[in-house]
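# Analysis of the macromolecular model
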Amino acid sequence: MLAGALLATTACAHGGQGGASSQSSIARTTLPRTRAERTSYAETSTYDDVIAFIDSLQNKGVPMSRQELGRTTEGRVQPLLVLSRPQVTTPEEARALHRPVVYVQANIHAGEVEGKEALLALVRDLATTKNNVLDSIVLIAIPIYNADGNERFKPQSVNRTEQNGPESVGQRPNAQMLDLNRDYVKAEAPETRSSLAAFEKWNPDAFVDLHTTDGSFHGYALTYAPSLNPAAREAGAYTRDSLLPELRRRMKARDGFEVFDYGNFDTQYEERDITDTVKSGWFTYDHRPRFGTNYFGLRQRISILSEAYSHDPFERRVKATYAFVHELLSLVAERGARIRAIEAAADSEVARGNLQTPIPIRSRLTTTPRTLPVTFEVMARTGDSSLTQPGVPRGFRRTGVMKTQSMPVYDRFEPVLSRTIPRAWLLSVRDTLAITLLREHGIRVEPVSPALGKNAYISVFRIDSVRTDTDAFQGHHQMHVSGRWKDLPMLRLQDVLQLTVMVRGDQPQAVAALYLLDPESDDGLVTWNAFDRELAPGKPFPVFRVVSSSARSP
Ligand SMILES: [Zn+2]
């Protein structure tokens, strides 16, 4: 009994640098349990519970590096844990291991609580057992990203109306009432800015964002999506076509969970989505980079959205999320060489300025869906208007009967407008909001180099029309401009030098720079009002492209 309760030494067997901590045995029975585990999945962790759990791991000498991602709007420290064998604490040490760095984030929507519980348990279990993925990857875990939202506990009937427990959960937005998973372009929340800085600092090979659905009654314990933005290119396609299908097979074979691509049985999620007995199709969500996992694809890296099934009991959701992340870490570890090769190829193409292929900046849902079997739960009428379970329309009840129907699966987007990356973009020094945002995104903004003008055209976008959304979204009336690019070979660089800064096209985040700076991008700085004062029909758009004379305007 005692022997079974004791774990052998961990990191010392692999030459770990954890010092005394890695030398000591850790009694399994004394390891902390999450609040979910302690309450038989009746409750979820408060912020203090999460901190106490991490304190306890540290006090027991569990090998990991405890750092801060940043501070929330209300000043809470967002813990960032780094785990690997041998143990590392800096990005340089992580890179020196030549392994994939996998960044897993939980609790961005603080009512969606199972990612937080699953990630804490997984950190504990991996760090205190031998011979696992920590020998082959570096794990960066952010267990409570939206810590302020987590603390605004309310009954689930208020904060998560369609979720099957626990009874009391936090709220979706942060303390500024911003949805952090719509903030990855405009970066208005301190949480987002910390997240972008951590991406820049650690340059993870893979990003995983843990959520809970609140949609259709389907037959899957968890649904997932790669970056849906076609500008994610090879890393996006590889995630969609190779990693995720293999993960699906493993989740079924090894963990007993059916999982599938994220979707709903309608584009506009409505009651009939649930009650229809014949489904019209399976539709994914959105490709725009305001969503974190879509954004991360612009970095040409592996990016995965995980959505536990909100209609499953809390315990099952935690277990499905745990299994999904665990399997994913193993798969990324196994495929590390291939993943790093894909990413290195994308990096060198971008950083050398050799990326000639046009990059999608506007996309639409695929017009050529594949037909695949999708499973859904049959609903029955109750004969009255009672509410049988959160998320089930009044007058209906769940039957537990699953039906599988072949239907069109809209799981991807196709480009409708693409642009090449120019030699550089020029913008006015007075566009301070845009410049600040570019820098938040890890994009270098620098003085114009006169050498840039050799054999170059300056291409200017003449605005034809400006449209402002009537309804505010996240505090913004989103902007849309149309117009056309025109080469101006006569414009001399010297004429614009003094008031201008430059964003080079041969820098690591050039794809993100294109998406942010192009006036016709469907989720760029224009969209979020960074250039409002300068937008009028007939005027030039305030960001110019410098293109070589061999590459005329797009
Ligand atoms: Zn969510």
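Starting from 1, residues in each chain are numbered consecutively following that chain's sequence as written. Since the coordinates come from a predicted model, pLDDT governs what is reported: local features require at least 70, and pairs of side-chain atoms require 80 or more to be given and counted, while whole-chain, interface and lining totals use all residues. Hydrogens and water molecules were not included; the side-chain quantities draw on all heavy atoms of the structure.

What follows concerns the sheet that holds strand β16 (residues 424–428). On the basis of which strands lie adjacent, the open sheet formed by six strands has the order β17-β20-β16-β21-β18-β19 and antiparallel pairing. The open sheet is flanked by β17 (446–447) and β19 (479–488), the only strands paired with a single partner. Across five bridges, β16 lies against strand β20 (residues 500–504) in antiparallel orientation. Its bridge partner being in β20, Ser428 is matched across the sheet by Thr500. Should DSSP find at least two bridges between two strands, the strands are regarded as paired. Strands here mean DSSP runs of E at least two residues long; helices mean DSSP runs of H or I at least four residues long; both are numbered from the N terminus.

Next up on the list: the nonpolar core. In summary, soluble globular proteins display a tendency toward joint burial of nonpolar side chains. The biggest cluster of nonpolar side chains holds 64 residues, and the ones touching the most others in it are Leu438, Val503, Leu525 and Phe531. Per-element tally for this core: the top contributor is helix α17 (residues 510–517), with eight residues. Two residues form a contact once any of their heavy atoms are found within 4.5 Å. Sequence-distant contacts of Leu438, defined by excluding residues within four places in its chain, comprise Leu427, Ile443, Val445, Val503, Leu516, Leu517 and Leu525. To qualify as a nonpolar core, a set must consist of buried Ala, Val, Leu, Ile, Met, Phe, Trp, Tyr and Cys residues joined through side-chain atoms within 4.5 Å. Note on exposure labels: buried denotes an accessible area under 20% of the residue type's maximum, exposed denotes more than 50%, and partly exposed covers the range between, all computed with a 1.4 Å probe on protein chains only. Counting 54 residues, the second largest nonpolar core, distinct from the first, contains Ile54, Leu244, Leu328 and Ala333.

Moving on to the confidence of the model for the protein. Regions with low pLDDT carry predicted coordinates that are not meant to be interpreted in detail. Across the chain, each position has a pLDDT score giving the predictor's confidence in that residue, from 0 to 100. When the pLDDT values of the protein are averaged, the result is 91; 92% of them are 70 or greater. Low confidence marks residues 1–24, where pLDDT is under 50. Its contacts with residues over four positions away, or in another chain, come to 37 contacts.

This part is about the coordination of the zinc ion. We call an atom a donor if it is N, O or S and sits within 2.8 Å of the metal, or 3.2 Å for Na, K and Ca. Water is not counted, so some sites may look partial. Every protein donor of the zinc ion is accounted for by His109 (ND1), Glu112 (OE), Glu112 (OE) and His211 (ND1), and the metal-donor separations fall at 2.1 to 2.5 Å. Considered as a linear motif, the donors of the zinc ion on their single chain read H-x2-E-x98-H. Of this pair, Glu112 sits in the loop between β3 (101–106) and α6 (114–127) while His211 sits in strand β7 (residues 206–212), and the two are 99 residues apart along the sequence. As far as the burial class goes, Glu112 and His211 line up, both buried.

What follows deals with the pairing of strand β4 (residues 138–142). Of all the five residues making up β4, five are buried; the element is thus mostly covered by neighbouring parts of the structure. The side-chain alternation of β4 yields two buried faces, one formed by Val138, Ile140 and Ile142 and the other by Leu139 and Ala141. Bridge count for strand β2 (residues 77–83) against β4 is three bridges, and the pairing is antiparallel. When the sheet's bridge partners are listed, Leu83 is paired in β4 with Leu139.

Attention shifts here to the side chain of Ser227. Tracing the backbone through its elements, the reader meets Ser227 in the loop between β8 (222–226) and α10 (233–255). On the accessibility criterion, Ser227 (6% relative accessible area) is buried. At 3.1 Å, the side chain of Ser227 forms a polar contact with the backbone oxygen of Asn294. Setting aside anything within four residues of it in sequence, one finds Ser227 in contact with Ala232, Thr293, Asn294, Gly297 and Ser303. Within 3.5 Å is the distance limit for a polar contact, defined as a pair of N or O atoms, with the added protein rule that one can donate a hydrogen and the other accept it, and that residues adjacent in sequence qualify only through two side-chain atoms.

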